[in-house]
Amino acid sequence: MKYYSTNKQAPLASLQQAVIKGLAEDKGLYMPENITALDSHIISSMKNMNLQQIGNIIAQSFFGDSIEADVLNNIVNETLQFDIPLINLHDNIYSLELFHGPTLAFKDVGARFMARLLKYFIKKKGIKDINVLVATSGDTGSAVANGFFGVKGINVYILYPKKKVSDIQEYQFTTLGENIFALEINGTFDDCQTLVKSAFMDKELNSKKCLTSANSINIARFLPQSFYYFYAYAQLDKINKAKKLVVSVPCGNLGNLCAGLVAHKMGLPIEHFIAANNKNNVFSNYLKTGVFIPKPSVSTYANAMDVGNPSNFERITDLFSIYSSPYQAITKQISGHSYNDTRVAKTMQHVYGTYNYILDPHGAIAYQALIEDESLKIDKSGVFLETAHPAKFKNIVDDILGIDINVPDALQTFMRGKKQSIELEKDFTEFKNYLLH
Ligand SMILES: Cc1ncc(COP(=O)(O)O)c(C=O)c1O
Ligand SMILES: N[C@@H](CCOP(=O)(O)O)C(=O)O
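This one's a predicted model, so the numbers in the text were calculated from it and none came from an experiment. (Residues numbered from 1 in each chain as written. Chains lettered and ligands numbered in written order. Predicted model: local features only at pLDDT ≥ 70, side-chain atom pairs only at ≥ 80, totals over all residues.)

(A) Layout of the overall build of the protein chain. On a plain count of helices and strands, the protein chain comes out with 20 helices and 13 strands. Taking 22 Å as the expected radius of gyration for a compact globule of 437 residues, we find that the protein chain reaches 20 Å, a close match to that expectation. Principal-axis analysis of the C-alpha atoms gives the protein chain an extent of 60 × 50 × 40 Å. Here the protein chain, with 437 residues, has 54% of them falling under the buried criterion. Here the analysis covers contacts within the protein chain between residues at least 6 apart in sequence; of these, 74% occur between residues at least 24 apart. (Helix = DSSP H or I, 4+ residues; strand = E, 2+ residues; numbered from the N terminus. Rg over C-alpha atoms; globule rule 2.2 N^0.38 Å. Buried ≥ 20, exposed ≤ 12 C-beta atoms within 10 Å, placed from the backbone. Contact = placed C-beta atoms within 7 Å.)

(B) Representation of the UniProt feature "modified residue: N6-(pyridoxal phosphate)lysine" (unreviewed entry) in the protein chain. The feature "modified residue: N6-(pyridoxal phosphate)lysine" (unreviewed entry), as annotated in UniProt, sits at K107 in this numbering. On the secondary structure map, K107 appears in helix 5 (residues 107-125). Take K107: there are 32 C-beta atoms within 10 Å of it, and that puts it in the buried class. Ignoring anything within four residues of it in the chain, the contact list for K107 reads D139, T140 and A143. (UniProt positions renumbered as here; feature names shortened; annotations may be inferred.)

(C) Seen up close, the sheet that holds strand 7 (residues 180-186). Spatially, 5 strands are ordered 8-5-6-7-13 in an open sheet, and the strand pairing comes out parallel. Of all the strands in the sheet, the pair left with one neighbour each is strand 8 (211-213) and strand 13 (422-425). The average angle at which neighbouring strand axes cross in this sheet is 30°, direction not considered. Two elements, strand 5 (residues 130-135) and strand 8, share 3 bridges in a ladder whose sense is parallel. Within strand 8, the residue paired with L133 across the bridge is S213. (Pairing = 2+ DSSP bridges. Axes fitted to C-alpha atoms, helices over the stretch in contact; angles between N-to-C directions.)

(D) Quick look at the site of ligand 1. Around ligand 1 lies a shell of 17 residues, among which D139, G252, N253, A304 and T387 are the nearest. Among the elements that take part in the shell around ligand 1, helix 12 (residues 255-265) stands out by supplying 3 residues, more than any other. Along the lines of polarity and charge, the residues of the shell around ligand 1 split into 8 nonpolar, 8 polar and 1 charged. (Near = placed C-beta within 6 Å. Nonpolar A, V, L, I, M, F, W, Y, C, P; charged D, E, K, R; others polar.)

(E) A look at the nonpolar core. Grouped together as the largest cluster of nonpolar side chains are 147 residues, with contacts concentrated most on V156, I158, L159 and F230. Ignoring anything within four residues of it in the chain, the contact list for I158 reads V134, T136, G141, V144, A145, F173, I180, F181, A182 and L183. (Core = buried A, V, L, I, M, F, W, Y, C linked by C-beta atoms within 7 Å.)

(F) Representation of the sheet that holds strand 4 (residues 93-97) within the structure. The strand order across the open sheet formed by 6 strands is 3-4-12-9-10-11, and the pairing between neighbours is mixed. Strands with a single pairing partner mark the edges of an open sheet, and in this sheet they are strand 3 (86-90) and strand 11 (334-338). Each strand axis lies, on average, 25° off the axis of its neighbour in the sheet, ignoring direction. Here 5 bridges tie strand 10 (residues 270-277) to strand 11, and the two strands are oriented parallel to one another.

(G) Molecular detail of the pairing of strand 7. Across the 7 residues that make up strand 7, a large majority, 6, are buried. The pairing of strand 6 (residues 154-161) with strand 7 spans 6 bridges and is parallel. Pairing of L159 across the sheet is with L183, part of strand 7. Regarding topology, helix 7 (residues 167-174) serves as the crossover connection from strand 6 to the parallel strand 7, and that connection is right-handed. As paired elements, strand 7 and strand 13 share 4 bridges and run parallel to each other. (Right-handed = clockwise from strand over helix to strand, strands pointing away.)

(H) Main features of the packing of helix 5 against helix 6 (residues 139-148). The geometry of helix 5 relative to helix 6 is characterised by a closest axis approach of 8 Å and an angle of 35° between their N-to-C directions. The chirality of how helix 5 crosses helix 6 is right-handed. Counting all contacts with helix 5, which are made through K107, D108, A111, R112, M114 and A115, the residues of helix 6 involved are D139, T140, A143, V144, G147 and F148. A per-class count over the contact of helix 5 with helix 6 returns 6 nonpolar, 2 polar and 4 charged. (Left-handed = near helix turned anticlockwise from the far one by under 90°.)

(I) Structural detail: the site of ligand 2. Surveying the vicinity of ligand 2 reveals 13 residues, the closest of which are T136, D139, T140, N215 and S216. No other element matches helix 6, which puts 3 residues into the shell around ligand 2. Of the residues contributing to the shell around ligand 2, the split by class is 1 nonpolar, 11 polar and 1 charged.

(J) Here's a closer look at helix 11 (residues 227-238). Taking 1.5 Å per residue, 12 residues should reach 16 Å; helix 11 reaches 17 Å between its end C-alpha atoms and fits that length. Among the 12 residues in helix 11, 10 count as buried, and that is most of the element. Just downstream of helix 11, N240 is the residue with a positive phi angle, here 65°. (Expected span 1.5 Å × (residues − 1).)

(K) Representation of the confidence of the model for the protein chain in the model. Per-chain confidence: the protein chain averages 97 in pLDDT, with 100% of residues scoring 70 or above. The ipTM, which scores confidence in the relative placement of chains, is 0.99 for this predicted complex, and the corresponding pTM is 0.97. (pLDDT = per-residue confidence, 0-100.)

(L) Summary view of the environment of L98. Its location among the elements puts L98 in the loop between strand 4 and helix 5. For the pair L98 and K47, spaced 51 residues apart in the sequence, the C-alpha separation amounts to 19 Å. In contact with L98, not counting residues within four places along its chain, are I84, F106, Y228, L385, E386 and T387.

(M) Here's a closer look at the environment of I358. Counting through the fold element by element, I358 comes out in the loop between helix 16 (341-355) and helix 17 (361-372). Judged by local crowding, I358 falls into the buried class, with 20 C-beta atoms found within 10 Å. Each C-alpha atom, one on I358 and one on E423, is 34 Å from the other, the two residues being 65 residues apart in sequence. Not counting residues within four places of it along the chain, the set of residues in contact with I358 comprises Y352, P390, V397, L401 and I405.

(N) Region of the structure containing the packing of helix 16 against helix 17. Close contact between helix 16 and helix 17 brings their axes to 9 Å; oriented N to C, the two are set at 85°. The angle between helix 16 and helix 17 places the two elements in the roughly perpendicular class. Note on element contacts: helix 17 touches helix 16 through P361, A364, I365, Y367 and Q368, opposite R343, V344, T347, M348 and V351. For the contact of helix 16 with helix 17, the class distribution of residues is 7 nonpolar, 2 polar and 1 charged. (Parallel < 35°, antiparallel > 145°, perpendicular 65-115°, else oblique.)

Okay, here's the thing in structure tokens:
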């Protein structure tokens, strides 16, 4: 399988090239040339499979012609060492709990997969030294740091917006040391993302350093995120509730939603998607107006979704470019909602008070969008993605719910470490000089 750039101005790349490069040289995002539809009987047999077995089928379909079967199989099995349970919250509403991995957010799936695949490719190619650049609004940083920690020959640079991630998230990627370097940028997540993308376009930097990205711009981070859409379906199918499925996704950089759309293109019968935004509503505005206008992000309770210029918008438009009217096709498939912090707090209080379930602010946005969206009728099943453990946002959750949420051991371990970070301005020359020092 070859990968093309969404900007269509770069040569096709092999999987190995796409993973090692991260971003295409025309600044576009790589997409697979073919997204093969699975036979419906394979999808219906998934109800009798576990997560690893399902992950292997999907991975085989994407990457099977580029990697030996046993290698791919091991990568998938090592990646998916935790469950992703679907919890019936009430009536026809289900929470897909994506926070049971080591860093307690959905990013663990893509980050663990990518770390293993990159290790395999750099060994095969004899690359001795590679630098992974990551922009994070909170969760990608910790998942990638965890995935690459201690791996010889790989240095990870995590760019995060100063004072705009939760305390626990910050501990998770600033306390590890060794090959993990945290760069505290005086700006927003979008500034961090722009610095990373600029680094890939800089000739001098690329002639001196081998650079790649572990954001969802990297195909190996992005595509594995479709595994769990199939697994959610399989869990519902097992209890005869998979017909007429609506999925609500809390959106920031749009990688997670886009992975769901890829799963749908592979034949997964999801009837409708809901894109749930916080006040950073560039995408839900686009769904309403047809105009995509990036804007500076504002800080919200759901900080990991504070994105003003989502990267994967171009993958979404690319997926729908086969239609004569892409915008109409997109809005038929996806509806959008946006909520402010007051609404998020009310939702969290309502769900905790009524169902004794603690939502994190990101999941709360997806839940609210799901129950409000007109696509969710009584005969349908509604799934929202609960993308992070609520304890990652302890201060906010405790304040809103008046509780003292228990912090799992996995998170407490990080909090015992010492923060080490380097402060930088949102200035490319400063960042470049830092990388070259
Ligand atoms: C907890 C959480 N929810 C939702 C999102 C938004 O996901 P995406 O950037 O793939 O749209 C993020 C950030 O990626 C996140 O960390
Ligand atoms: N919300 C993300 C932002 C980066 O998203 P990515 O999926 O493109 O890596 C975060 O938590 O860092």
